[in-house]
Amino acid sequence: SSDLEIAELKIDLRNVGEYGELLQSDSTQAVDATRAKHRMDVLDIMAGIYRVNNDDENGLKYAIELVDLYRAWGYEANALRAEAEMGVMLTSIGREEEGLKKIDTALEGLSKDALSMDCLDGWIVSAKRKIKVLFDLHRQEEVLPLAQQIIDKLDHFQSHYEDYEQDCTRLRSDYGIHMRW
């Protein structure tokens, strides 16, 4: 982690109560697309804060609602990426096989639309999370095949950039061919 990321985390942690209060406000009640997006952002922040601070039981509460909200508003790739994050949290609270299964299900779902930039982004992020989990579980022998799949997908993307649907909701629209994950 860079010092900047750590500083941002401290700011987020200091304001956890404020984020919780935001979830109760009218501006984050998912009655329209703008408010739903606002609520998704707050839920994503809350789940991330708890995950980074190893309070995965609380993080799961926000992640579950986030997945449901993503699906309700048609953001399936984001829902699958968030499910992979839930899998990471599950493994850290001792539910290893359930967590790994959730990550694998997310990876499988994200692989279905092979030429979607959004799915590729979600798949790579989820695969990187699984690699960390595998190391934590001392299952290093499973890391190299997954790392090779990441390399293969990035090679395919670089060779066929123009074929990919530019549908990524998480990356800037001008990310270009040299995007790094």
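Relevant structure appears above.
Let me sum up the structure you'll find in this document. Source: prediction; values computed, not measured.

At asparagine 54, a residue that is not glycine, the phi angle is positive and equals roughly 55 degrees. A residue is classified by how much of its surface remains accessible, and asparagine 54, at 67% relative accessible area, is exposed. Despite not being glycine, histidine 138 shows a phi value in the positive range, around 60 degrees. Within the secondary structure, histidine 138 is located in the loop between helix H7 (117-136) and helix H8 (143-159). Residue classification places histidine 138 among the exposed residues on the basis of a relative accessible area of 63%.

Right, let's get into the packing of aromatic side chains. For any two aromatic rings, the description comes down to two numbers: the centre-to-centre distance and the angle of the planes. Counted by the stated rule, this structure contains three aromatic pairs. Taken together, a centroid distance of 5.7 Å and an interplanar angle of 5 degrees make the contact between tyrosine 50 and tyrosine 62 stacked. With tyrosine 50 in helix H3 (residues 33-52) and tyrosine 62 in helix H4 (residues 56-72), this pair connects stretches of sequence that are twelve residues apart. A residue is classified by how much of its surface remains accessible, and tyrosine 50, at 17% relative accessible area, is buried. The exposure class assigned to tyrosine 62 is buried, which follows from its relative accessible area of 17%.

Looking now at the packing of H4 against helix H5 (residues 76-92). A pair of packed helices can be characterised by two numbers: the angle between their axes and the separation between those axes. Following both chains from N to C, one finds H4 and H5 inclined at 165 degrees, their axes separated by 9 Å at the closest point. Relative to H5, H4 is oriented roughly antiparallel. Remark: the crossing between H4 and H5 carries left-handed chirality. Only Glu76, Asn78, Ala79, Leu80, Arg81, Ala82, Glu83, Met86, Met89, Leu90 and Ser92 of H5 make contact with H4, whose side of the interface consists of Asp56, Gly59, Leu60, Ala63, Ile64, Leu66, Val67, Tyr70 and Arg71. Tallied by class, the residues present in the contact of H4 with H5 amount to twelve nonpolar, three polar and five charged.

Here is what the cut-offs are and how they apply
Residues numbered from 1 in each chain as written. Predicted model: local features only at pLDDT ≥ 70, side-chain atom pairs only at ≥ 80, totals over all residues. Heavy atoms only, no water. Buried < 20%, exposed > 50% of the residue type's maximum accessible area, 1.4 Å probe, protein only. Helix = DSSP H or I, 4+ residues; strand = E, 2+ residues; numbered from the N terminus. Phe/Tyr/Trp six-rings, centres within 6.5 Å; stacked < 30°, edge-to-face > 60°. Axes fitted to C-alpha atoms, helices over the stretch in contact; angles between N-to-C directions. Parallel < 35°, antiparallel > 145°, perpendicular 65-115°, else oblique. Left-handed = near helix turned anticlockwise from the far one by under 90°. Contact = heavy atoms within 4.5 Å. Nonpolar A, V, L, I, M, F, W, Y, C, P; charged D, E, K, R; others polar.

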